[in-house]
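Residue-level structural notes
Spelled out from the first residue to the last, the chains are:
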Amino acid sequence: MVLADLKVGESGRVRGFAQSEAIYRRKLMAMGLTLGAEFTITRLAPLGDPVEIRVRGSALTLRKDEAAALRIEKI
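Residues numbered from 1 in each chain as written. Predicted model: local features only at pLDDT ≥ 70, side-chain atom pairs only at ≥ 80, totals over all residues. Heavy atoms only, no water.

1. Describing the overall build of the protein
Along the protein, the regular secondary structure elements total two helices and five strands. Going from N to C terminus, the protein has its helices and strands arranged as β-α-β-β-β-α-β. A compact globule built from 75 residues would reach a C-alpha radius of gyration of about 11 Å, and the protein, at 11 Å, matches this within 12%. A buried classification covers 33% of the 75 residues belonging to the protein. Here the analysis covers contacts within the protein between residues at least 6 apart in sequence; of these, 58% occur between residues at least 24 apart. (Helix = DSSP H or I, 4+ residues; strand = E, 2+ residues; numbered from the N terminus. Rg over C-alpha atoms; globule rule 2.2 N^0.38 Å. Buried < 20%, exposed > 50% of the residue type's maximum accessible area, 1.4 Å probe, protein only. Contact = heavy atoms within 4.5 Å.)

Below, the structure is given as structure tokens:
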């Protein structure tokens, strides 16, 4: 499952990262999206890009291609 599969108000947990996205993986981990981190979708632009999430008490805005690097599970 990827971040784009969730709707506003739904929550998820980071389960891993796409193999081909090493650059984004480091960037996402530096922003707090480490394995097991829980987050909530707070806003979504009309065309689905970007998406705003709340993780570890902070709001993050991710572009669609950055968000595609995350493998998640819905909680």
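2. Describing the environment of Ala67
Within the secondary structure layout, Ala67 lies in helix α2 (residues 64–67). Sequence separation between Ala67 and Leu28 is 39 residues; the distance between their C-alpha atoms is 8.8 Å. For Ala67, the residues in contact, after removing those within four places along its chain, are Leu3, Val51 and Leu62.

3. Focus: the nonpolar core
Residues Leu3, Leu33, Phe39, Ile53, Leu62 and Leu70 are the most contacted members of the largest nonpolar core, which totals 18 residues. Among the elements of the structure, β1 (11–17), β2 (38–44), β3 (51–55), β4 (58–62) and β5 (70–74) are those that each provide at least two residues to this core. The element best represented in this core is β3, accounting for three residues. Residues within four places of Ile53 in sequence aside, it is in contact with Leu3, Leu33, Phe39, Thr40, Ile41, Thr42, Ser58, Ala59, Leu60 and Leu62. (Core = buried A, V, L, I, M, F, W, Y, C linked by side-chain atoms within 4.5 Å.)

4. Concerning the side chain of Ser11
Relative to the helices and strands, Ser11 resides in strand β1. Here the side chain of Ser11 touches Thr40 through a polar contact of 3.0 Å, side chain to side chain. (Polar contact = N/O pair within 3.5 Å; in protein donor to acceptor, adjacent residues only side chain to side chain.)

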